[in-house]
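Fold and contact review
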Protein chains: 2
Amino acid sequence: MTLARAFLLSSVAALTASTAFASDLRDTALEVFAPLPSTVPAVNDNPITPAKIDLGKALFFDPRMSASGVFSCNSCHNLATGGDDNLETSIGHGWQKGPRNAPTVLNSVFNEAQFWDGRAADLAEQAKGPVQAGVEMANTPDNVVATLNSMPQYVEWFHASFPDQADPVSFDNFAKAIEAYEATLTTPAPFDSFLNGDEDALSADQKAGLELFMDKGCAACHNGVNVGGHDYYPFGLIEKPGAEVLPVGDRGRFAVTETADDDYVFRAAPLRNTAITAPYFHSGKVWDLKVAVQIMGESQLGEDLSDSEADQIVAFLGSLTGTIPPVVYPVLPAETAATPRPTGEIK
Amino acid sequence: MTLARAFLLSSVAALTASTAFASDLRDTALEVFAPLPSTVPAVNDNPITPAKIDLGKALFFDPRMSASGVFSCNSCHNLATGGDDNLETSIGHGWQKGPRNAPTVLNSVFNEAQFWDGRAADLAEQAKGPVQAGVEMANTPDNVVATLNSMPQYVEWFHASFPDQADPVSFDNFAKAIEAYEATLTTPAPFDSFLNGDEDALSADQKAGLELFMDKGCAACHNGVNVGGHDYYPFGLIEKPGAEVLPVGDRGRFAVTETADDDYVFRAAPLRNTAITAPYFHSGKVWDLKVAVQIMGESQLGEDLSDSEADQIVAFLGSLTGTIPPVVYPVLPAETAATPRPTGEIK
């Protein structure tokens, strides 16, 4: 983290200097951000094929992947509502509440790592988490595989998706198929049009907000293709927000690395679609984007943003709301006599 | 009910006689059943327009119609899994269990009335039930309307759907839009192709099953366009099944009419898509369709169906599994500062 912090502080200075003299906002922005690619990004060790995307979509929407038969990936990462669930923290198995706000699945393939603390290296590893978490889907790998094997259509789809494998129905491949589908969930936005050369894609307020976003230092952490999501930073770098927003019991990445430097350190939130994915922060305690921007200004930058500055930054963030590719809702295979029965029992 | 029962007994005899001498299975079937219409059926007092269908689809998939923000209509009537949730009884607000198995929404527009006891005259009336039920979505009409009014896109959609109304955002119109969408959810099946003249649409086993279905008397209750869903009959007409399948505490339509004749009377289940909508009966206690068929034979007809008879009837029922029209998953309006906050609190 020491390196990241050094980058943060030096790059705040650099950005301030560079944009102050920049004649071209777009050129400056291109040094800090990148537009979405025009094709589905490749992911490590998981070739993406149409068959695998289709299988992954079915799995993503299948509530039978949870012990209760109630929750699918889409329950908390709902593609109808910005790829998240718009709750403080998700409600899962047994009506239990999750520990942190569910991040959006949209564009998540571009994050450096997954979860607020980056504990999963990639989307395949991430996909295995909530399925097994007792407060989320409360299932087991064995029961997922038994469920999939009980439906011949699923077995066929796994063979089509992993054609070189003799026994492709596995928990690993379940996760890889979901990763392949999620990699397709990218949402080109007006900001991409701007970066790609359409100067009129942003309004005057949005351009002013973009300039502030870079000048004030927000872009030191929220940069790159996902406007965040690429590195870890302490929440409360300059001033810790109150315990309601930053609960003392959740020490963030410290739980992953167990190094003191990572106390209350979280992955900088990727800001694409942030305008449609309230509430904010890992605690999900802030519902108003402008308030969230002002808290960030104070706690991370020591900046007391004025009303109009915060409004312009919020306007810029609105230009990150993108268009999701049309999703045809899947028709899932029907259960058979061999399908394990759902149970809402709380263990 | 007396009339219905008289019809039941007389028509069993009539069907047995007629099919015994019928030279043409299809002609006989057409006297008892009807194929799905080729267009969206009209519903009472609710003109169906493209705008209203789109609005209804959004509402159908919107989890913010529940108090908790967790459940949408689609949670229990999931279009990915046969229009139901494949649970004994649904799990709802506060992890509470519903009292009866959730029926499929597919083709439900053709049912005589809605719910297992027919307590809602139509789909619009039905749609108002689960939204308010404490064990389901636990919301109130006022909160639904406040939620809808907080999102300008929804307000615009209501105006487009009810163009003659000055203040169209109402709980009544919410229900009407959902009804309009649900009326589009009809699923043409091989059995329709057969009724429409394609003799090869059914296999030999399916044809034998259809003949048995009429000869044995199943079609006395399960007839018409929905192969059921058109009238009410006592469960256990000849012999009451065990309390596990027919719980003594649930007296069915008696709770609606409070007449002794309606004790343990339920709407005959519509059988379209029955093969993909286990578990069975209002109790949801039977997972195997063949077992369900044999229980019906005994309890309703006093028929001890042989293994091969039950297999053939199950084969026929498989010909009722239809094709759902492609559903493009909606992109829902984003919340605003005025949107009521979700709460999982149990009252």
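The rules behind each value
- Residues numbered from 1 in each chain as written.
- Chains lettered and ligands numbered in written order.
- Predicted model: local features only at pLDDT ≥ 70, side-chain atom pairs only at ≥ 80, totals over all residues.
- Heavy atoms only, no water.
- Least-squares fit on C-alpha atoms with pLDDT ≥ 70 in both.
- Contact = heavy atoms within 4.5 Å.
- Buried < 20%, exposed > 50% of the residue type's maximum accessible area, 1.4 Å probe, protein only.
- Helix = DSSP H or I, 4+ residues; strand = E, 2+ residues; numbered from the N terminus.
- Arc of directions from axis to C-beta.
- Polar contact = N/O pair within 3.5 Å; in protein donor to acceptor, adjacent residues only side chain to side chain.
- UniProt positions renumbered as here; feature names shortened; annotations may be inferred.
- Core = buried A, V, L, I, M, F, W, Y, C linked by side-chain atoms within 4.5 Å.
- Buried area = accessible area lost by both parts, 1.4 Å probe.
- Salt bridge = Lys/Arg side-chain N within 4 Å of Asp/Glu carboxyl O.
- Nonpolar A, V, L, I, M, F, W, Y, C, P; charged D, E, K, R; others polar.

1. Notes on the relation of the copies chain A and chain B
- Screw-axis analysis of chain A against chain B gives a translation of 0.0 Å along the axis, an RMSD of 0.0 Å, and a rotation angle of 180 degrees. The superposition of one copy onto the other is thereby described by a two-fold rotation axis. The C-alpha atom lying nearest the rotation axis in chain A is that of Val328 of chain A; the distance is 2.2 Å.
- Interface overlap between copies: 100% of the residues of chain A at the interface are likewise at the interface in chain B, consistent with a symmetric, same-surface contact.

2. Brief notes about helix H7 (residues 152-161) of chain A
Residue and element names in this part refer to chain A.
- Every buried residue of H7 is listed here: Tyr154, Phe158 and Ser161. Seen along its axis, H7 keeps its buried residues to an arc of 65 degrees; they face one direction. Among the exposed residues of H7, those oriented more than 90 degrees off its buried face are Pro152 and Glu156.
- Tucked inside the fold, the buried residues of H7 contact helix H3 (50-60), helix H6 (141-149) and helix H8 (171-183).

3. A word on the side chain of Gln300 of chain B
Residues and elements named next belong to chain B.
- Relative to the assigned elements, Gln300 resides in helix H12 (residues 289-301).
- A polar atom in the side chain of Gln300 sits 3.4 Å from the backbone nitrogen of Leu237.
- Of note is the side chain of Gln300, whose polar atom sits 3.2 Å from the side chain of Ser299.
- Among residues more than four places away in sequence, those in contact with Gln300 are Pro234, Phe235, Gly236, Leu237, Ile238 and Ile295.

4. Thoughts on the UniProt feature "binding site: heme c 1" (unreviewed entry) in chain A
Residue and element names in this part refer to chain A.
- Mapped onto this numbering, the UniProt entry gives "binding site: heme c 1" (unreviewed entry) at Cys73, Cys76, His77 and His93.
- Mapped onto the fold, Cys73 is located in helix H4 (residues 73-76).
- Taking relative accessible area as the criterion, Cys73 reaches 11% and is therefore assigned buried.
- For Cys76, a relative accessible area of 16% corresponds to the buried category.
- In contact with Cys76, not counting residues within four places along its chain, are Gly83, Asp84, Asp85, Ser90 and Ala102.

5. Quick word on the nonpolar core
- Counting residues in each nonpolar core, the largest one holds 80 residues, and the members touching the most others are Leu59, Leu79 and Phe174 of chain A together with Leu59, Leu79 and Phe174 of chain B.
- Beyond its immediate chain neighbours, meaning those up to four positions away, Leu79 of chain A contacts Phe60, Phe61, Asn74, Val105, Leu106, Tyr181, Leu185, Ile324 and Val327 of chain A together with Tyr329 and Pro330 of chain B.
- Judged by nonpolar contacts, the second largest core, of 36 residues, contains Ala29, Phe266, Val286 and Ile295 of chain B.

6. Concerning helix H5 (residues 123-132) of chain B
Residues and elements named next belong to chain B.
- Where H5 is concerned, the buried positions are Leu123, Ala124, Gln126, Ala127, Pro130 and Val131. Seen end-on, H5 carries its buried residues on one side only, within an arc spanning 155 degrees.
- Buried residues along H5 sit in contact with helix H6 (141-149) and helix H8 (171-183).
- The N-cap residue of H5 is Asp122: its side-chain oxygen and the backbone nitrogen of Ala124 are 3.2 Å apart.

7. What to know about the interface of chain A and chain B
- At the junction of the two partners, chain A supplies 34 residues and chain B supplies 34 residues.
- Both faces considered, chain A and chain B share a buried interface measuring about 2,800 Å² in area, 70% of it formed by carbon and sulfur atoms.
- Contact with chain B buries surface across chain A, with Ala80, Trp95 and Tyr329 of chain A losing the most and accounting together for 27% of the total.
- One can count 0 salt bridges joining chain A with chain B.
- Counting across the interface, chain A meets chain B through 10 residue pairs in polar contact (both at pLDDT 80 or more).
- When its residues are assigned to classes, the side of chain A that touches chain B shows 21 nonpolar, 10 polar and 3 charged.

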